[in-house]
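Okay, here's what each chain looks like letter by letter:
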Amino acid sequence: DAAEVVIVGAGPAGLVLGNLLLGAGVRCTVLERQSRAHVEQRARAGFLAANTVRVLTENGLADGLLKDGRQHDTCAFRTDRGEFHLDYGSLGRGEAHTVYPQQHLVRDLVAEFLARGGDLRFETPVVGITGITGDHPAVTAQSADGTLHRLSARFVAGGDGRHGTARTAVPAGAVRRYRRDHGVTWLALLAAAPQSMGPVAYAVHEDGFAGHMARTPDITRYYLQVPRGESPDARPDARIWADLAHRMRADRHGPLHEGPIVERRTVEMTSDVLDPIQYGRLFLVGDAAGLISPAAAKGANLAVMEAEILARGLTAALRGGDEQPLARYSADCLPRIWRAQEFSHWMINLLHGPAGSDDDAVFLRALQQARLESLQTSRRHQDHFAENYVGI
Ligand code: APR
């Protein structure tokens, strides 16, 4: 039977959407450029918000994360004035994160999609999307032997990320693109070492930001702010550990548990928001719909929020004959996307002061101190922080 929905991309966005559609009895095909092994090993995010866990649990997709995920509810801020902790799990709405590596979630979602009888084709890049404004949209995909196939469907969902085909299929002028380069670059590291402390730790330092985040008992994520353009390989492991220890002020707060750096990549802090995130019969979801800086770990959580709303809209259109929810997809998502962008932007300014000694930089660094002090001392500010930090 022909698919009713073709989904481009088997990241968290495409896979959650695909599973929700199958659960609602909608026939869908997922086309993914990479191999199964590649997507199941790609380490990215790991902090799942309460809403994400709810969506996954309600749809029978949470067995793995409920078994192996770890509750996380505390973060620490280190500055030259010392350290303070926020037990955000007992602030705001009292929600915690569930720490579960994204590649494990992807592995679970692939297995469940196949178990539900879904059609998932790896190593099948989509090279074009046509007929979006008519009733018969279609995607052209290339199979492993190089032949091109055309798949038509009632609707197409673009979950193929920031450099995917879906974004480019929308004509310039049909969508407004808001964007910002925050001017900050992180070296994102995975160390084969246990976590160095309980909380997520954010170190604000005049040499640049450093961060620490638990992943699994044997793997820990670290971040080190580096100059824009620096190669991920520029710093040998020993230098990385020295920089991390210096900025995290290990001499005052305790040593880091060192281990081999098993993955390193640079991440430029940029954000963009497309408005609307739909065009004709094409619907964008996840990174394809917008990018958010990783400062507040919102990317994967926004993707799941969007996938749930899109699945409801597609199901109403295909099973109930009601296209209204689908028509509102963008309008329903964008306020929540902007709230996440606002918080993420605030986090960037909390964690990074501008370098230099000109008036502007000195003034902004003083504001940064005031912002941290407010967060440290005001219960109302802490509640607001917690609500936005875990919420979507
Ligand atoms: N054809 C088929 N698949 C494609 C194509 C294409 N032309 N282009 C890209 N893809 C695939 C990629 O290989 C990838 O597996 O689309 C998938 C997109 O997945 P992600 O980049 O993980 O994007 P998304 O699912 O939106 O992720 C949501 O999770 O960790 C975060 O950074 C991630 O914020 C993002 C969020």
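Thresholds, definitions, all that
- Residue indices begin from 1 for each chain and proceed along its sequence in written order.
- Whole-chain, interface and lining totals are the exception, using all residues; otherwise, since this is a predicted model, local features are given only for residues with pLDDT of at least 70 and side-chain atom pairs are given and counted only at 80 or more.
- Each helix corresponds to a stretch of at least 4 residues labelled H or I by DSSP, and each strand to a stretch of at least 2 residues labelled E; elements are numbered beginning at the N terminus.
- Radius of gyration here uses only the C-alpha atoms, and the compact-globule reference equals 2.2 Å multiplied by the residue count raised to the power 0.38.
- With C-beta atoms placed from the backbone, a contact is any residue pair whose C-beta atoms sit within 7 Å.
- Each residue receives a C-beta atom built from its backbone; the residue is near a molecule or strand if that atom lies within 6 Å of it.
- Nonpolar residues are Ala, Val, Leu, Ile, Met, Phe, Trp, Tyr, Cys and Pro. Charged residues are Asp, Glu, Lys and Arg, and all others, Gly as well, are polar.
- UniProt positions are given in the numbering used here, feature names are shortened, and annotations may be inferred rather than shown by experiment.
- Strands pair, by our definition, only if DSSP identifies at least two bridges between them.
- Among buried residues, those of type Ala, Val, Leu, Ile, Met, Phe, Trp, Tyr and Cys that are joined through C-beta atoms within 7 Å form a set called a nonpolar core.
- The exposure label follows from counting other C-beta atoms within 10 Å of a residue's C-beta, where the C-beta atoms are placed from the backbone and the thresholds are 20 or more for buried and 12 or fewer for exposed, leaving partly exposed in between.
- Whenever a helix is involved, its axis is fitted only over the stretch in contact; in every case the axis is a line through C-alpha atoms, and angles between N-to-C directions fall within 0 to 180 degrees.
- In these notes the angle categories are as follows: under 35 degrees is roughly parallel, over 145 is roughly antiparallel, 65 to 115 is roughly perpendicular, and the rest is oblique.
- Each crossing gets its hand from how the near helix is turned against the far one by less than a right angle, where anticlockwise is left-handed and clockwise is right-handed.
- Orienting the strands away from the viewer, one traces the path from the first strand over the helix to the second; a clockwise path indicates a right-handed crossover.

Draft legend 1. How the structure looks around the overall build of the chain. When helices and strands are tallied, the chain shows 13 helices and 20 strands. In summary, the chain has a C-alpha radius of gyration of 22 Å against a globular reference of 21 Å for 392 residues, a match within 12%. Looking at the chain alone, contacts between residues at least 24 apart form 71% of all its contacts between residues at least 6 apart.

Draft legend 2. Quick peek at the site of the ligand. Residues in close proximity to the ligand total 28 residues, the closest being Gly9, Gly11, Gly161, Gly286 and Gly299. Broken down by secondary-structure element, the contributors of at least two residues to the shell around the ligand are helix 1 (12-23) and helix 9 (299-319). Residues belonging to the shell around the ligand are distributed by class as follows: 12 nonpolar, 11 polar and five charged.

Draft legend 3. View of the UniProt feature "domain: FAD-binding" (unreviewed entry) in the chain. UniProt annotation of "domain: FAD-binding" (unreviewed entry) refers to residues 3-343 when read in the numbering used here. As annotated, residues 3-343 has a helix share of 31% and a strand share of 30%, and its two end C-alpha atoms lie 38 Å apart.

Draft legend 4. Structural detail: unusual backbone geometry. In this structure, the amide linkage connecting Asp275 to the following residue, Pro276, adopts the cis form with an omega of 0 degrees. Within the secondary structure, Pro276 is located in the loop between strand 17 (261-275) and strand 18 (278-279). Residues other than glycine seldom take positive phi values, yet Glu123 does so here, at roughly 50 degrees. Residue placement: Glu123 occurs in the loop between strand 8 (119-121) and strand 9 (126-130). Even without being glycine, Ala297 reaches a positive phi, approximately 55 degrees.

Draft legend 5. View of the sheet that holds strand 7 (residues 97-99). Taken together, the three strands give an open sheet; going across it, the order is 3-7-4, and neighbouring strands pair in antiparallel fashion. Both edges of this open sheet fall to strand 3 (47-48) and strand 4 (70-72), since each of them pairs with a single strand only. Note: strand 4 against strand 7, three bridges, orientation antiparallel. Its bridge partner lying in strand 7, Arg70 is registered against Val99.

Draft legend 6. Summary view of the nonpolar core. With 117 residues, the main nonpolar core has Val5, Leu17 and Val285 as its most contacted residues. Ranked by the residues each element gives to this core, the list is headed by helix 9, at 12 residues.

Draft legend 7. Region of the structure containing the pairing of strand 10 (residues 138-142). Alternating positions in strand 10 separate cleanly, Val139 and Ala141 being buried on one face and Ala138, Thr140 and Gln142 remaining unburied on the opposite face. Both strand 9 and strand 10 contribute to a ladder of four bridges, which runs antiparallel. Paired with Ile129 across the strands is Val139, a residue of strand 10. Pairing analysis gives five bridges linking strand 10 to strand 11 (residues 148-152), with the strands arranged antiparallel.

Draft legend 8. Seen up close, the sheet that holds strand 9. The three strands lie next to each other as 9-10-11, forming an open sheet whose pairing is antiparallel. The sheet terminates laterally at strand 9 and strand 11, the two strands that pair on one side only. The average angle at which neighbouring strand axes cross in this sheet is 20 degrees, direction not considered.

Draft legend 9. Layout of the packing of helix 3 (residues 50-58) against helix 9. Contact geometry of helix 3 with helix 9 gives a least axis separation of 9 Å together with a crossing angle of 45 degrees. With respect to helix 9, the element helix 3 is oriented oblique. With respect to the hand of their crossing, helix 3 and helix 9 are arranged in left-handed fashion. In this structure, helix 3 uses Asn51, Thr52 and Val55 to contact helix 9, whose residues at the interface are Asn301, Val304, Met305 and Glu308. Its residues assigned to classes, the contact of helix 3 with helix 9 shows three nonpolar, three polar and one charged.

Draft legend 10. Just the pairing of strand 1 (residues 5-8), in detail. A two-sided burial pattern is seen for strand 1, the buried positions comprising Val5 and Ile7 on one face and Val6 and Val8 on the other. Inspection of the sheet shows strand 1 paired to strand 12 (residues 155-158) by four bridges, in the parallel sense. Within the sheet, the bridge partner assigned to Val8 lies in strand 12 and is Gly158. In the sheet, strand 1 pairs with strand 2 (residues 28-31) via four bridges, with the strands oriented parallel. Each residue of the ladder has a partner; that of Val6, found in strand 2, is Thr29. The handedness of the strand 1 to strand 2 crossover, carried by helix 1, is right-handed.

Draft legend 11. Spotlight on the environment of His38. By secondary structure assignment, the location of His38 is in helix 2 (residues 36-41). The spatial distance from the C-alpha of His38 to the C-alpha of Ala141 is 19 Å, given a sequence separation of 103 residues.

Draft legend 12. Highlighting the packing of helix 1 against helix 9. In contact at an axis separation of 8 Å, helix 1 and helix 9 are set at 35 degrees when each is read in the N-to-C sense. Between helix 1 and helix 9 lies a crossing whose hand is right-handed. Two secondary-structure elements touch here, helix 1 through Pro12, Ala13, Val16, Leu17, Leu20 and Leu21 and helix 9 through Ala300, Ala303, Val304, Glu306, Ala307, Glu308, Leu310, Ala311, Leu314 and Thr315. Partitioned by chemical class, the residues of the contact of helix 1 with helix 9 number 13 nonpolar, one polar and two charged.

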